[in-house]
Amino acid sequence: MSQHKLSALNRNLLILHLTVVVWGFTGILGALISTPAIPLVWYRVLIAFITLGIYFKFTNTSIWVSKTTFLKLFFTGAIVAGHWVLFFLSIKIATVSVALVCLSALTLFTAILEPIIERKKISKLEIVTGLFIISGIYLIFKFETNYTWGIICGLASALLASIFSIINGKQVKNRPAPIIAFYELIGAWFWVSLYMLCTHGFTTELLLSTSDWIYLLILGTICTSGAYVAGVSVMKELTAFKVALITNLEPIYGILLAFIVFGKREQMTIGFYAGACIVLSTIFLFPIVKNKIENRRLRKQAHHI
């Protein structure tokens, strides 16, 4: 490998790690912002799609998509909105740590749903992975009874994240990820706005303090639009395996940041940490084991040839 290529690889690895840290910081901002979950998401998606629109303008990026594609992305935005509302609600009624560990169940839900939707066979590795994650979540439920609704909201958030990730997995084959994000964010903003209109949500809850505005601007620009564009850009140099492996560090970074920012407020029971260790280590090891199995299979095929 040339020095130039090695330098580009290391730079992109650093960018990806920083991006994952920024994603982990999303939960911290959700806890710091005093406004409820629904207005919080309303502001977040509004700031995010405006920021992306400005980015497209400065880079002369065409945002044209067909009517069918627009409608698919627009309605997927409702799922994205539901995911974020439930994620921030989990933070508000539980803790950042609880919300992030529950969000990690995304791997479990994807392992179950993707083969069903794609009409594929569920692999034995995914079944074993799912059982480990379920056992970890069971431990958390057992020991953190005070946060039952927070855990339920976190798991529901992970389920919705799994659904729109599977949808986006198909969409990204035909168009750039930032374009997908742009129209889904517009859809998310519309559906949250419609919900707020029907429930008389456009009230004093939308009035923000100076600190809330600062946190929301960071959340909408750096943690949403900026991190999304950065996360996509590194995929030109890094393999999908490396990206998946490093992205799985998000809850770990987030929990560590929560300890630094909130201290004792984030202290949980031993049962929670045992369950969290099972969930997070399973998710982190999953792509490594899967990669080794795939490489062994390819070597066997090559040997037979």
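All of these numbers come straight from a predicted model, not from anything done at the bench.

A.B. asks: What's the story with the overall build of the chain in this structure? I'm lost.
C.D. replies: The helix and strand tally for the chain stands at 12 helices and zero strands. Beginning at the N terminus, the succession of helices and strands in the chain can be written as α-α-α-α-α-α-α-α-α-α-α-α. The C-alpha radius of gyration computed for the chain amounts to 20 Å, which stays within 12% of the reference 19 Å derived for 305 residues, consistent with globular compactness. Each principal axis of the C-alpha distribution contributes one length, and for the chain these read about 70 × 50 × 40 Å. For the chain, buried positions account for 45% of its 305 residues. Counted over contacts in the chain with a minimum sequence separation of 6, partners at least 24 positions apart contribute 89%. Surface accessibility of the chain: about 16200 Å² in total, with carbon and sulfur atoms responsible for 69%. Here the chain contributes 25 positive and 11 negative side-chain charges, whose respective centroids are spaced 10 Å apart.

A.B. asks: Help me out: how do you make sense of the confidence of the model for the chain in this one?
C.D. replies: Interpretation of this model should avoid reading the predicted coordinates in detail wherever pLDDT is low. Within the chain, residue pLDDT values average 87, and 95% of them lie at 70 or more. Looking over the chain, one finds the lowest element-wise mean pLDDT in helix α10 (residues 240–247), namely 70, and the highest in helix α3 (residues 67–93), namely 95.

A.B. asks: How should I be thinking about unusual backbone geometry in this particular structure?
C.D. replies: Trans peptide bonds make up most of the peptide bonds, and negative phi angles are found at most residues other than glycine. The residue Asn60 is not glycine, and still its phi comes out positive at about 55°. Checked against the element boundaries, Asn60 lands in the loop between α2 (37–58) and α3. The phi dihedral of His200 is positive, around 55°, even though this residue is not glycine. Relative to the assigned elements, His200 resides in the loop between α8 (177–198) and α9 (210–233).

Parameters at a glance
Residues numbered from 1 in each chain as written. Predicted model: local features only at pLDDT ≥ 70, side-chain atom pairs only at ≥ 80, totals over all residues. Heavy atoms only, no water. Helix = DSSP H or I, 4+ residues; strand = E, 2+ residues; numbered from the N terminus. Rg over C-alpha atoms; globule rule 2.2 N^0.38 Å. Buried < 20%, exposed > 50% of the residue type's maximum accessible area, 1.4 Å probe, protein only. Contact = heavy atoms within 4.5 Å. Areas by Shrake-Rupley, 256 points an atom, 1.4 Å probe, with all protein chains shown as cover. Lys, Arg positive; Asp, Glu negative; His and termini not counted. Charge placed at Lys NZ, Arg CZ, Asp CG, Glu CD. pLDDT = per-residue confidence, 0-100.

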